[in-house]
Amino acid sequence: MDKKLLDYEVGEGLDLFLLIKSSTRGIASNGKPFLSLVLQDKSGELEAKLWDISDSDEESYASQNIVNIVGEVQNYRGRKQLKIRQIRQSTGIDGVSIGQFMETAPIDKNEMSEEITQYIFEMQNANLQRITRSLLKKYQDAFFDYPAAVRHHHEFVSGLSFHVVSMLRLAKAIADLYPTVNRDLLYAGVILHDLGKVIELSGPISTTYTLEGNLIGHISIVVEEVSKMADELGIDGEEVVILKHVLLSHHGKGEWGSPKPPLVREAEILHQIDLMDATMNMMDKALRHTKPGEFTERVFGLDNRAFYNPKF
């Protein structure tokens, strides 16, 4: 099996085609420009620096370009980094395409669509069901292609829908354990909580924040979408207000970007399972490339902790 980027250990040399996920110009202490690159394949991503660049290099090595890298993996301040020895832009004769370098969800898009549709079908509250179904239909293509974030968790093709499917399974298990939970409200909240990311983010390739993402954010975006869809469908009343509260509060705390703290039971559950699924995804990603008996690199999104991978 061909080795992928994150399969290489510190000190190992490599010769790989990689996708440039992001490319940022900087100025070194000697006044010369350089590029900070994030390079990726299906296994994940590593940072690299390209020194002493020319103006043409900025175009050749911009995001979404595929490059051939000869270099080695090194340790920089406790994290793996790629040291570039040689770099060239790929050409048509190399026979590579962007899709070969994109990490994707472990479940097929059609399977995820069928599973989410089944949860919507099981809803008893007609108003919540209609709003959820209509918004999912409106943004269906992007919903099943987009990542759930730019970095940290579920930042891969179809990551948004995979995050939702995982949370729906958690929501069902919790509702089975606590029969007083309003399943319809919880399921609607899970399916819609990150729907605003199809507007907040640029897409599945070299994902960045859009103008709306930078200035408004996915929480406010989805609440506005719910309001517009409810008006379009002629739905008003408490369901709409409570659903909007559940969405507004799903980050839990003001310092985490939540306009309101959870003030209904289903809002608190949504916040907890969102946090759990994001946390497990980040931990799994870090531990996947960590040998038993060793610690992961520090995970910025988890309080900069390094996690131990037990030997048993």
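In the block above lies the structure referred to throughout.
One structure accompanies this document, and this report is about it. (Residues numbered from 1 in each chain as written. Predicted model: local features only at pLDDT ≥ 70, side-chain atom pairs only at ≥ 80, totals over all residues. Heavy atoms only, no water.)

Within the protein chain, the regular secondary structure consists of eleven helices and five strands. Across its three principal directions, the C-alpha atoms of the protein chain cover 65 × 45 × 40 Å. Taking all 312 residues of the protein chain together, the buried fraction comes to 47%. A separation of at least 24 residues holds for 57% of the contacts in the protein chain among residues at least 6 apart in sequence. Here the protein chain has roughly 16100 Å² of accessible surface; of this, 51% comes from carbon and sulfur atoms. On the protein chain, the mean spot of the 34 positive side-chain charges and the mean spot of the 45 negative ones are 4 Å from each other. (Helix = DSSP H or I, 4+ residues; strand = E, 2+ residues; numbered from the N terminus. Buried < 20%, exposed > 50% of the residue type's maximum accessible area, 1.4 Å probe, protein only. Contact = heavy atoms within 4.5 Å. Areas by Shrake-Rupley, 256 points an atom, 1.4 Å probe, with all protein chains shown as cover. Lys, Arg positive; Asp, Glu negative; His and termini not counted. Charge placed at Lys NZ, Arg CZ, Asp CG, Glu CD.)

Moving on, we come to the nonpolar core. Core analysis: the largest hydrophobic core is formed by 51 residues, its most contacted members being I116, V190, L192 and L243. Elements represented by at least two residues in this core include exactly α2 (109-121), α3 (126-138), α4 (140-143), α5 (159-177), α6 (183-192), α9 (218-233), α10 (238-248) and α11 (265-288). In terms of residues, this core owes the most to one element, α5, which gives eight residues. The residues touching L243, leaving out its near neighbours within four places in the chain, are L128, I131, L185, A188, G189, L192 and V226. (Core = buried A, V, L, I, M, F, W, Y, C linked by side-chain atoms within 4.5 Å.)

Two strands in a sheet stick together by hydrogen bonds in their backbones, pointing the same way (parallel) or opposite ways (antiparallel). With respect to topology, five strands assemble into a closed barrel ordered β1-β2-β3-β5-β4, the strand pairing being mixed. This sheet shows a mean twist of 50° between the axes of neighbouring strands, independent of strand direction. In this sheet, strand β4 (residues 66-76) lies alongside strand β1 (residues 13-27) in antiparallel orientation, the contact comprising seven bridges. Residue pairing in the sheet places L16 in a bridge with I69 of β4. (Pairing = 2+ DSSP bridges. Axes fitted to C-alpha atoms, helices over the stretch in contact; angles between N-to-C directions.)

Turning to the layout of surface pockets, a few remarks are in order. By volume, the largest pocket amounts to about 1000 Å³. Around the largest pocket, the lining is made up of 29 residues, and of these E45, L46, R79, E297 and R298 lie nearest the centre. Sorting the residues of the lining of the largest pocket by element identifies β3 (44-50), β4, β5 (79-89) and α11 as the ones contributing at least two each. Along the lines of polarity and charge, the residues of the lining of the largest pocket split into nine nonpolar, eight polar and twelve charged. Composition of the lining of the largest pocket by domain shows at least three residues from each of domain 1 (12-100) and domain 2 (109-285). In this structure, the second largest pocket occupies an estimated 820 Å³ of space. Looking at the second largest pocket, it is lined by 28 residues, and the ones nearest its centre are H153, H251, L275, A278 and M282. At the level of elements, α7 (197-200) and α11 are the ones that each hand at least two residues to the lining of the second largest pocket. Looking at the lining of the second largest pocket, its residues break down into eleven nonpolar, nine polar and eight charged. (1 Å grid on protein atoms, 1.4 Å probe; cavity = no way out; pocket = protein on both sides within 12 Å on 5 of 7 lines; lining within 4 Å. Points joined across faces, edges and corners; volume = space filled by probe spheres on them. Nonpolar A, V, L, I, M, F, W, Y, C, P; charged D, E, K, R; others polar. Domains from an automatic or database assignment.)

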